[in-house]
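# Notes for the structure review
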Amino acid sequence: QTSSSEHKKYDVDDSQWEAISTTEGPLLVLAGAGSGKTRVLTTRTAYMLTEKKIASNRLLLVTFTTKAAKEMKKRMASFSGITERDLQTLVVGTFHSIFYKMLMHHQGALWQPNKLLKSDWQREQIIKEASRELGIDEKEFAFDQALSQISYWKNHILKPSKVRAETDWDEKVKILYERYEQTKQATQHFDFDDMLLGCYELLIDNASLLEKYQQRFSYILVDEFQDINKVQYEIISLLAKKTQNLCVVGDDDQSIYSFRGSDPSYILNFETDFPKAKIVTLNCNYRSHHSIVSSATNVITNNKKRKTKKVVAMTENMKRPLQFYPFDEEEEATMIVTDIKEKIENGARPRDFVILYRTNSSARAIFERLVASSLPFYLEQDGEAFYRRRTVRKALAYLKLSLYPDDQEAIKELLGAMFIKQSSLRDLKALSILHDCSLLEAMTKLTDIQVFQQKKIKKMIPLFKQLRNFSAVEALEWVEKEMGLSDYIKKNGNEGNVIDKGSDDLRDLKVAAASHDRVSDFLIHVDHMIAKSKELKGRPENEDSIQLMTVHRAKGLEFKTVYILSAVEGSLPHDYSLEAYREGDLTPLEEERRLMYVAVTRAMENLYISIPQKRRGKRAHPSRFIREMNTMI
Ligand code: ATP
Ligand code: MG
């Protein structure tokens with residue numbers, strides 16, 4: 001190691017020190033997971049404040065999540081010489097939080113918090129209304145995906161007029177995008193993407209303001225730079241243009257947000273825009289045990305598009321990552337919760353554990369098992385996410401109506417499932433009074449619908465009574481095959497819809513239903529889970545709890561023990577990447593591999609990978625990444 005006393009003081013290695021002490025000029029730290037990139041950022045900040053005496057308000061630190069920003073402030077506070085005042089004036093935050101403050105400061109009237117469209121639901125309302133006006137489609141449209149497409153365009157600084165639609169679906173979404181922007185303008189609302197765009201425009205349009213900020217933020221540091229998108233990059237380059245004091249750290253192997261418009265070429269081509277950039281690589285992994293590091297390296301080496309990196313694990317322990325083979329998702333959840341419980345009884349702390357999964361809906365079984373246990377756990381996203389999915393809601397509505405034929409919410413879902421307009425509910429209410437029957441029976445009296453729909457309803461309504469006598473799974477089968485839900489799934493699945501596959505959701509639902517004999521028991525269970533999840537959502541995060549999150553969310557974090565759920569083909573790698581692969585497009589599969597790499601590298605000591613034999617009621621095959629993990633190339 002080195003003799004520099006400053007160097008020792010910070011407990012860092014030579015390469016890390018180089019990155020920390022190079023405070024002037026553009027600097028890129030490109031290095032693998034767990035090599036101390038984030039640690040370099042915090043230490044560098046401390047060094048600049050305490051040794052270089054740079055005023056804390058001249059620094060700008062950008063993190064990827066609010067959680068990371070909090071963590072960074074906490075770490076800052078632990079360095080000696082950092083004052084309370086430093087901590088207060090230092091700007092640390094996500095792109096959104098930093099730039100929103102900037103907008104509030106200069107154009108406060110335009111950016112009032114009550115005008116922010118916070119939830120997807122609010123944004124969905126706008127394009128739903130637009131789609132009705134435009135008569136785009138009577139039936140259900142994949143609005144959530146339309147919204148993420150719109151967001152993708154906005155992050156690429158593409159105004160509606162600049163969008164080149166390649167498919168029919170794109171064309172429709174483009175029109176919705178136009179209307180969405182108009183509506184927002186008319187009502188003076190704005191969304192999260194507007195914050196970035198607004199800030200970009202503010203700086204582009206006001207030369208003197210830009211100059212002011214270039215001076216104010218004369219040192220900029222960005223973490224997780226591989227996931228920066230165009231608008232974010234443009235703002236950062238504008239700000240850093242004068243002083244060139246831009247330090248970015250990242251790992252191209254951890255670029256996992258391309259669906260949101262993040263683009264690793266900004267990190268890979270950093271020297272093009274900043275030709276004087278110094279590049280530092282970090283080769284030691286301080287986080288994970290040797291065998292975990294080598295498993296991760298073995299997997300990621302299979303990606304063709306990447307910068308090769310050298311990594312040496314600093315911890316010798318040879319405890320190998322463990323694979324286990326539960327029968328299905330239910331047993332997977334039981335095994336994991338039992339294992340954690342045992343470890344906690346033997347002295348482990350709940351916060352040592354994280355359970356990672358590919359998509360939110362996969363958390364269903366584990367969430368339910370944890371609710372049943374008395375273990376403290378935290379789930380940032382809502383646990384009922386699964387029961388709120390479009391197809392799942394529809395399927396449950398059939399079951400519900402078999403017991404409660406006047407349930408309005410369920411009737412609305414049924415109308416949706418049959419592609420009958422929602423306003424028919426009003427007619428149904430009138431008809432049910434007129435004929436003294438339930439809302440469900442009133443459907444047979446609907447006149448304002450097509451003849452084939454009338455016929456379908458006549459055949460279907462009597463079947464509801466029988467549902468009650470079936471087991472929950474049988475009832476779902478019946479709903480699918482005899483009562484027309486399969487028609488809905490077929491029609492609804494084709495609208496540019498790659499992720500939200502109704503048939504998969506229905507299979508997941510059957511797995512969930514399998515442990516309940518009666519329809520009514522299952523429905524009670526579902527309601528209980530939804531209520532429980534709402535209750536947990538309102539609660540502040542308990543510092544010492546088991547964490548549940550998607551791999552995406554886990555980026556940058558580390559845990560002593562990591563469980564990876566469902567490492568099977570179709571889940572990780574996700575189905576859509578396999579479809580693309582069969583059509584000759586390797587890109588999505590490479591992103592899935594990066595996800596696996598991120599998941600594996602979260603573990604410090606113990607890594608458990610679950611490979612269920614059955615998933616969604618069908619035989620599952622171990623993920624190709626498992627094979628890659630175990631073979632050196
Ligand atoms: P990721 O790519 O996953 O974000 P990273 O490169 O940001 O990882 P850090 O989180 O900064 O890595 O560091 C990983 C772990 O290694 C942390 O616990 C950190 O404190 C520790 N660490 C980093 N450098 C050193 C060092 N020189 N000596 C001891 N521990 C270190
Ligand atoms: Mg990091």
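Residues numbered from 1 in each chain as written. Chains lettered and ligands numbered in written order. Predicted model: local features only at pLDDT ≥ 70, side-chain atom pairs only at ≥ 80, totals over all residues.

Turning to the sheet that holds strand S11 (residues 377–379), a few remarks are in order. To summarise the sheet geometry, strands pair through backbone hydrogen bonds and adopt either a parallel or an antiparallel arrangement. One open sheet holds the six strands; their spatial order is S9-S14-S13-S10-S12-S11, and the pairing between them is parallel. Two strands in the sheet have a free side with no partner beyond their single neighbour: strand S9 (322–324) and S11. Between one strand axis and the next, the sheet turns by 20 degrees as a mean value, whatever way the strands run. (Pairing = 2+ DSSP bridges. Helix = DSSP H or I, 4+ residues; strand = E, 2+ residues; numbered from the N terminus. Axes fitted to C-alpha atoms, helices over the stretch in contact; angles between N-to-C directions.)

Our focus in this paragraph is the pairing of strand S5 (residues 246–250). With five of five residues buried, S5 lies mostly within the body of the structure. With burial as the criterion, each face of S5 is covered, one bearing Leu-246, Val-248 and Gly-250 and the other bearing Cys-247 and Val-249. Sheet topology places strand S1 (residues 27–30) next to S5; four bridges connect them, and they run parallel. Each bridged residue has a counterpart across the sheet, and for Leu-30 the counterpart in S5 is Gly-250. Note that strand S4 (residues 219–222) and S5 share three bridges and pair parallel. Looking across to S5, one finds that Leu-221 is bridged to Cys-247. Chirality of the crossover, the property in question, places the unit of S4, helix H12 (residues 230–240) and S5 among those that are right-handed. (Buried ≥ 20, exposed ≤ 12 C-beta atoms within 10 Å, placed from the backbone. Right-handed = clockwise from strand over helix to strand, strands pointing away.)

Right, let's talk about the nonpolar core for a bit. Note that soluble globular proteins tend to have their nonpolar side chains buried in a common cluster. One finds Val-29, Leu-61, Phe-99, Ile-220, Leu-221 and Val-248 to be the most contacted residues of the largest nonpolar core, which totals 56 residues. A total of six residues in this core trace back to one element, the largest contributor, which is helix H3 (residues 37–50). Excluding anything up to four places from it in sequence, Phe-99 contacts Met-195, Leu-196, Cys-199 and Ile-235. Ranked by size, the runner-up nonpolar core spans 55 residues in total, among them Ile-336, Val-562, Val-598 and Phe-625. (Core = buried A, V, L, I, M, F, W, Y, C linked by C-beta atoms within 7 Å. Contact = placed C-beta atoms within 7 Å.)

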